[in-house]
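# Descriptive analysis of the structure
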Amino acid sequence: MKSLLRRVVVPLVAVVVGLLPGVVAVEQASALTKLTHSQATSIFRAAGLTWSSSGGCSDRYNSTCTSFEQINDSTAYGVRTLKTASGCAVNITGGTEVGHASGTYSHWNGYKVDISKYTCVGNYIHNTFTRIADRGDGAAQWRSGAGNIYADEGNHWDITYYNCGGC
């Protein structure tokens, strides 16, 4: 029965709420399962996601790197869901490396990624998700049907994944 829910009901609900048009199979991700950098990049590479860092590195303890060490699997699958659902190019510019704000739902704790601002992704977020109140620092925010938050930080999107968005 659980398999039926994951393979039929979850994608059907996702299609109805507009999260995953055309999806027929799902991978269920647990919110607190941590991935290695290698595991995350394998997921991203298979989905056609790209990533970059100003330092050209992946050291979690260097703020000029983009690291995915200790990223939540729901975050990795969530950004994959964004790419699949939007059909847009997605480039990740920030992961779990030092240099981001602290807190429970932080980059360091595996809940957030930063992505490049491309017109396609911006249009998808604006047209698909619900505009909510600005963040305390003034960043405009949108909430997906799954409850994930997309904040416009000017030169990039800061995304908080509480779950994988119906992956």
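Above: the structure in question.
Residues numbered from 1 in each chain as written. Predicted model: local features only at pLDDT ≥ 70, side-chain atom pairs only at ≥ 80, totals over all residues. Heavy atoms only, no water.

### A short note on the environment of Gly154
- Turning to its location among the elements, Gly154 is positioned in the loop between strand E8 (149-152) and strand E9 (156-160).
- Along the chain, Gly154 and Ala140 lie 14 residues apart, while their C-alpha atoms are 9.2 Å from each other. (Helix = DSSP H or I, 4+ residues; strand = E, 2+ residues; numbered from the N terminus.)

### With respect to the state of the cysteines
- Overall, the coordinates contain 2 disulfides when judged by the stated rule.
- Cys57 shares a disulfide with Cys65; S-S distance 1.9 Å. Sign of the S-S torsion, about -100° for the bond between Cys57 and Cys65, identifies this disulfide as left-handed.
- By relative accessible area, which is 26% here, Cys57 ends up partly exposed.
- Cys65 gets classed as buried once you look at its relative accessible area, which sits at 2%.
- Shown here is the disulfide that connects Cys88 with Cys120, its sulfur atoms set 2.0 Å apart. Where Cys88 bonds to Cys120 through sulfur, the torsion about that S-S bond is close to -75°, and the disulfide is left-handed. (Disulfide = S-S within 2.5 Å. Buried < 20%, exposed > 50% of the residue type's maximum accessible area, 1.4 Å probe, protein only.)

### A closer look at the side chain of Ser116
- Relative to the helices and strands, Ser116 is located in strand E5 (residues 112-116).
- Exposure remark for Ser116: the relative accessible area of 14% places this residue in the buried category.
- Setting aside its immediate chain neighbours within four residues, Ser116 contacts Asn91, Thr93 and Trp157. (Contact = heavy atoms within 4.5 Å.)

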